[in-house]
Structures are given as C-alpha cells and as structure tokens.
Amino acid sequence: MVIKTVMVVGAGQMGSGIAQVCATAGYKVFLNDLKDELVAKGCNIIEKNLNRQVEKGRMTEIEKANAIENLIRSTDLNDAENVDIVIEAATENMDVKKAIFAKLDGIAPEHTILASNTSSLPITEIAAATSRPEKVIGMHFMNPVPVMKLVEIIRGLATGDEVYETIERMAKVLGKVPVEVNDFPGFVSNRVLMPMINEAIYTLYEGVATKEAIDEVLKLGMNHPMGPLTLADFIGLDTCLYIMETLHEGFGDDKYRPCPLLRKYVKAGWLGKKTGRGFYTYD
C-alpha cells in the first residue's frame, strides 16, 4: 500500500509535530481538531518551527512553502474519507481514543490505516472499537517530534503484516527510525522511563535530596541531557501520572504505584511547564 494523504487528529504539541514531519516529507496532511482556533494554533507552531529551520540553513524557503502548502486545516472528522492513514494524537485517555476510532471506522475508506500515537494504552483495546482491527496500529512518536528519531511501532493482536510494513516504510520516509514493539502497557519507552521518573519523585518526597540535586545526579552521573524532574515537567505531570496509573493497572504490580507527591501536584494543577509550575517554576 502507498500512503499519499494523512490526517492527524489532535493539533496539540504532538499532533502538530507529526503533521509537520508528514507535510515536510511531501504528504498531504489534514490537521484536525475540535475548534478552528486549536487548528490555527497548531499551524502557527508548525510555521514557527519551519521558519527556524530556514534561519538555521536546514531548509530552503521553497521547501518551507511546499510543506505549508501540504497542510490542510480541518475541524471535521469526515475529512477522513479522503485519506490513506489517520494518526490519532488526542489526549491520553482510553475512552476518548475509542470514541475517535469508532467514528473514524465509519468514515474512512476500507483501505485506510488507523494509527494511534498513544504512549502507553493497549492498541488491541483501541482496535476493538473498530471493525478493522487488522488495520489498527500504534505509531508512538517521541517529543519533540521534528527532532527525535525514534518511532515505536506497536502491533495489536490483529494488526496485519502488510499494515506493519507500510507504517515501517512511512516512518523511514519521515526520517525516523522505526522499532517494533509488542502490545504491553507502556511499550518499551514509558515502561522504562516513567518508573525512573516516579522513583526520582519518591526520592524528593522522602527528602533524600533536593530537586536540583536529584537532577544533577542523573545529568552528571548518568549523562542524561536533562534531569528526571525537569523532564517530568516538560512531559506534563498529568501525563506522567496517567501513564503510571496505566502501568499499575495493566501489570497489577506495586512497583508502578504513582508517588503521592506526583498525585498532589496534579491535584494542585501544577502540571509542569505548560501551566508555569511543576517541580520548577516557569515564566
């Protein structure tokens, strides 16, 4: 199967990044969200990113213009009737994702692949909301999408080999490195990363060290580009909590129990960089 036209559902940070790399690679891209202002915000982010690439000499003005021309703004899921693949990048909530996939299943042509950018939720369960589970797959990009090379490709229980091979080829066209992962909670990336972040929060909660000291240990001792508490702020503490809850529920193992301090911060609305306050304060 050849993919020519893409729909990205969700114009937030991840969705706009996915739309940007798809448009830059030459695909026609419908960037979809619930409201015009959300789509406009996503398109503005893309344009700023592309302008930065031109300024740094990594892209020509013509390449930027072509990428912008490939973007089509959408607030109607019915636009999925014109695409070869839909990549869902909505909020990390199973009920929301299943509702979107059920709607898309009734709109998209029979050949259309339905992919989810979920960072932790079971692809098999998402696929069960459709009548085409063999065409449902996980395509987990890393943040920030235009920069990070990895894409975890997650097969659901029924995902077809041809669908996997098509997504693997597409990831390479996008300049990414695809890695095949089986359908377990958190996949590989977040099953390893989130417990580390959660443990770092526990060390702060228990008074083992200050937040600055914890971050310095991981940066200078383990050569991490940023400390785990700073990284949690960038990811969003609500997202970290949701993934830990998914791991805890999926495996039934208390080693995945979210730290009470993480729960407290989320209840306080201290979600990290996006709200101006998490473990650190942001302007």
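Residues numbered from 1 in each chain as written. Predicted model: local features only at pLDDT ≥ 70, side-chain atom pairs only at ≥ 80, totals over all residues. Heavy atoms only, no water.

## Comments concerning a positive patch on the surface
- A contiguous patch of positive charge, built from Lys48, Arg52, Lys56 and Arg58, is present on the exposed surface.
- Mapped onto the fold, Lys56 is located in the loop between α2 (36-55) and α3 (61-69).
- Overall, the relative accessible area of 51% leaves Lys56 in the exposed class. (Patch = residues over 30% accessible without salt bridge, like charges linked within 9 Å, V, L, I, M, F, W, Y side chains within 5 Å. Areas by Shrake-Rupley, 256 points an atom, 1.4 Å probe, with all protein chains shown as cover. Salt bridge = Lys/Arg side-chain N within 4 Å of Asp/Glu carboxyl O. Lys, Arg positive; Asp, Glu negative; His and termini not counted. Charge placed at Lys NZ, Arg CZ, Asp CG, Glu CD. Helix = DSSP H or I, 4+ residues; strand = E, 2+ residues; numbered from the N terminus. Buried < 20%, exposed > 50% of the residue type's maximum accessible area, 1.4 Å probe, protein only.)

## Points about the UniProt feature "domain: 3-hydroxyacyl-CoA dehydrogenase NAD binding" (unreviewed entry) in the protein
- Those residues carrying the UniProt feature "domain: 3-hydroxyacyl-CoA dehydrogenase NAD binding" (unreviewed entry) are residues 5-183 in this numbering.
- Span residues 5-183 is 41% helix and 22% strand, its end C-alpha atoms 26 Å apart. (UniProt positions renumbered as here; feature names shortened; annotations may be inferred.)

## Thoughts on helix α4 (residues 94-107)
- In this model α4 runs 20 Å from its N-terminal to its C-terminal C-alpha over 14 residues, within 8% of the 20 Å that 1.5 Å per residue would give.
- Contact partners of the buried residues in α4: β1 (5-9), β4 (85-88), β5 (113-116), α5 (123-127), β6 (136-141) and α10 (237-251).
- Structurally, the start of α4 carries an N-cap: the backbone nitrogen of Asp95 is 3.0 Å from a side-chain oxygen of Asn93. (Expected span 1.5 Å × (residues − 1). Contact = heavy atoms within 4.5 Å. Polar contact = N/O pair within 3.5 Å; in protein donor to acceptor, adjacent residues only side chain to side chain.)

## Some remarks on the UniProt feature "domain: 3-hydroxyacyl-CoA dehydrogenase C-terminal" (unreviewed entry) in the protein
- The sites that UniProt annotates as "domain: 3-hydroxyacyl-CoA dehydrogenase C-terminal" (unreviewed entry) are residues 186-282.
- Structurally, residues 186-282 comprises 63% helix and 0% strand, and the distance from its first C-alpha atom to its last is 28 Å.

## Quick look at the pattern of salt bridges
- Scanning the entire structure with this criterion turns up 12 salt bridges.
- For Lys97, the salt bridge is made with Glu92, and the minimal N-O distance between the two is 3.6 Å. You'll find Lys97 and Glu92 in the same group, each marked buried.
- A salt bridge links Glu245 to Arg263, with the nearest nitrogen and oxygen atoms 2.8 Å apart. Placement of the pair is Glu245 in helix α10 and Arg263 in helix α11 (residues 260-268), with a sequence separation of 18 residues.
- Residues participating in the shared-partner salt-bridge network are Glu88, Glu92 and Lys97.

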